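# Architecture at a glance
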Amino acid sequence: MFSYCADPATLDTFRWFSCYLTTGVHLSFYRSFLMVLALLAVTAPVALSFGFLGAMAARSHVTPLSWVGKAYISIVRGVPDIAFFLFFVIALDQSFELIKHHIVCSDWTDPIRQGNDFLVCPQAKVPLGSSPEIVHQSYGFMLAVITFAIVFGAFAANVLFGGMAAVPRAQLETAEAYGMTRRQTFWRVLVPQMWVYALPGLSNLWMVLIKATPLLFLLGIEDIVYWARELGGTKTSKFSAYPHPDWRMWYFLFLLVFYLSFTKVSEIVLERLMRRLSRGQATAGGEALRKEAAA
């Protein structure tokens, strides 16, 4: 490859693009797509867990716990997402460093808060300045997952709370009449049946989560938006072996195709899952499937 691309100025158009698209920075661009997919794969179940716990708390018969669940749902849903994304990243980062500071630098006498500055001892930095780049990237990814999970978990909690409320009361009363405890009724009757009512809302939330992944760029993570902007910007021969005019439109068009394709595949999978969950249920979807099978 080195000899093939030794002198980009002498290459024909096809060879020029083949060399240009396989540079190290472009490989980072391609890896950033895997990072987005990894973020979705990790965040979705974590956010759903946050949502399930929030919904359980909101419908709890213990009043303080119910207040906590409903406050979590209302506060996060009522504040712009970007404000929470920026807030949680800073808050979590400083919380980790503060805890570590009190552990490893107990003899520190200087104030941590000095005006607008947050200063901890060098040993308390998370991660340490001497840590490998992969550690810094993993730490940023972890903060992003926690932040996305907290924000989208509140929306999932609201959807699941509504799904639980939509399960016919007669189902629960029948379970109680057969001698099931409140816990048995919840896990054996309510939870299995709520998914068919919650899935449409969770499907929309999944689509919103996909569209929110470019917010990684605002969190300082080198994601696909960052690389599209960097690679697509005008490059001159002074700074690059592959000079080109402003190609950002083409890079962002590629991102458009990627997101549209991904959401289309998600729609197909979610539609099939919805049909599977609706089978045998006393819902409009279940009734439509029964009529379809009888026809």
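Criteria and thresholds
- Residues numbered from 1 in each chain as written.
- Predicted model: local features only at pLDDT ≥ 70, side-chain atom pairs only at ≥ 80, totals over all residues.
- Heavy atoms only, no water.
- Helix = DSSP H or I, 4+ residues; strand = E, 2+ residues; numbered from the N terminus.
- Rg over C-alpha atoms; globule rule 2.2 N^0.38 Å.
- Axes fitted to C-alpha atoms, helices over the stretch in contact; angles between N-to-C directions.
- Parallel < 35°, antiparallel > 145°, perpendicular 65-115°, else oblique.
- Left-handed = near helix turned anticlockwise from the far one by under 90°.
- Contact = heavy atoms within 4.5 Å.
- Nonpolar A, V, L, I, M, F, W, Y, C, P; charged D, E, K, R; others polar.
- pLDDT = per-residue confidence, 0-100.
- Core = buried A, V, L, I, M, F, W, Y, C linked by side-chain atoms within 4.5 Å.
- Buried < 20%, exposed > 50% of the residue type's maximum accessible area, 1.4 Å probe, protein only.
- Salt bridge = Lys/Arg side-chain N within 4 Å of Asp/Glu carboxyl O.
- Phe/Tyr/Trp six-rings, centres within 6.5 Å; stacked < 30°, edge-to-face > 60°.

### Quick look at the overall build of the chain
Within the chain, the regular secondary structure consists of ten helices and two strands. Counted from the first residue to the last, the chain has its helices and strands arranged as α-α-α-α-β-β-α-α-α-α-α-α. In terms of C-alpha radius of gyration, the chain reaches 25 Å, well past the compact-globule figure of 19 Å for 295 residues. By its C-alpha atoms, the chain is 80 × 70 × 30 Å across when sized along the principal axes.

### What to know about the packing of helix 5 (residues 133–166) against helix 7 (residues 182–212)
Running from N to C, helix 5 and helix 7 point in directions that differ by 140°, and their axes come no closer than 7 Å. Judged by the angle between their axes, helix 5 and helix 7 are oblique. As for how helix 5 packs across helix 7, the hand of that crossing is right-handed. On helix 7, the residues that touch Phe148, Phe152, Phe155, Ala156, Val159, Leu160, Gly163, Met164 and Ala166 of helix 5 are Phe186, Leu190, Met194, Trp195, Tyr197, Ala198, Gly201, Leu202, Leu205, Val208, Leu209 and Ala212. Residue composition of the contact of helix 5 with helix 7, grouped by class: 19 nonpolar, two polar and no charged.

### A short note on the packing of helix 2 (residues 24–58) against helix 7
Axis separation between helix 2 and helix 7 bottoms out at 11 Å; the angle between their running directions is 130°. The orientation of helix 2 with respect to helix 7, classified from their angle, is oblique. Viewed along their axes, helix 2 and helix 7 form a crossing whose handedness is right-handed. Of the residues in helix 7, those touching helix 2 at Leu40, Thr43, Ala44, Leu48, Phe52 and Met56 are Phe186, Trp187, Val191, Met194, Trp195, Leu202, Trp206, Leu209 and Ile210.

### Thoughts on the confidence of the model for the chain
Predicted confidence across the chain gives a mean pLDDT of 82, with 92% of residues reaching 70 or more. Per-residue pLDDT, averaged within each element of the chain, yields its smallest value for helix 10 (residues 284–294) (52) and its largest for helix 2 (90).

### Examining the nonpolar core
Core analysis: the largest hydrophobic core is formed by 67 residues, its most contacted members being Phe29, Phe148, Phe152 and Ile224. When residues in this core are grouped by element, the largest group, 14 residues, is from helix 5. If we ignore the near neighbours within four places in the chain, the residues touching phenylalanine 148 are Leu39, Thr43, Phe85, Gly153, Leu209, Ala212, Thr213, Leu215, Leu216 and Leu219. One finds Cys105, Ile112, Phe118 and Ala124 within the second-largest nonpolar core, a separate group that totals six residues.

### Here's the deal with the environment of valine 145
On the secondary structure map, valine 145 appears in helix 5. With relative accessibility at 8%, the residue valine 145 sits in the buried group. It is 29 Å that separates the C-alpha atoms of valine 145 and threonine 23, two residues lying 122 residues apart in sequence. Apart from residues no more than four positions distant in its own chain, valine 145 is found in contact with Leu39, Val42 and Thr43.

### Concerning the pattern of salt bridges
A complete count under the given rule lists four salt bridges for this structure. Two residues, arginine 169 and glutamate 176, come together in a salt bridge whose shortest N-O distance is 3.7 Å. Exposure remark for arginine 169: the relative accessible area of 48% places this residue in the partly exposed category. Residue aspartate 246 is joined to arginine 248 by a salt bridge in which the shortest nitrogen-to-oxygen separation is 2.6 Å. A relative accessible area of 36% places aspartate 246 in the partly exposed class. Through salt bridges that share partners, Arg169, Glu173 and Glu176 make up one connected network.

### With respect to the environment of proline 200
Within the secondary structure layout, proline 200 lies in helix 7. For proline 200, a relative accessible area of 40% puts it in the partly exposed group. Taking C-alpha positions, proline 200 is 13 Å from arginine 276, a pair spaced 76 residues apart along the chain.

### Things to note about the packing of aromatic side chains
Summed over all chains, the structure comprises 21 aromatic pairs. Between phenylalanine 17 and tyrosine 20, the aromatic rings sit 6.5 Å apart at their centres with planes inclined by 85°, giving edge-to-face as the arrangement. With phenylalanine 17 and tyrosine 20 both in helix 1 (residues 13–20) and three residues apart, this pair spans about one turn of that helix. Residue phenylalanine 17 is classed as partly exposed on the basis of its relative accessible area of 34%. Given the relative accessible area of 6%, tyrosine 20 is considered buried. Seen from their ring centres, phenylalanine 33 and phenylalanine 254 are 5.7 Å apart, and the 80° between their planes marks the pair as edge-to-face. Residue phenylalanine 33 is found in helix 2, and its partner phenylalanine 254 is found in helix 9 (residues 248–278); the two are separated by 221 residues along the sequence. A relative accessible area of 46% means that phenylalanine 254 is categorised as partly exposed.

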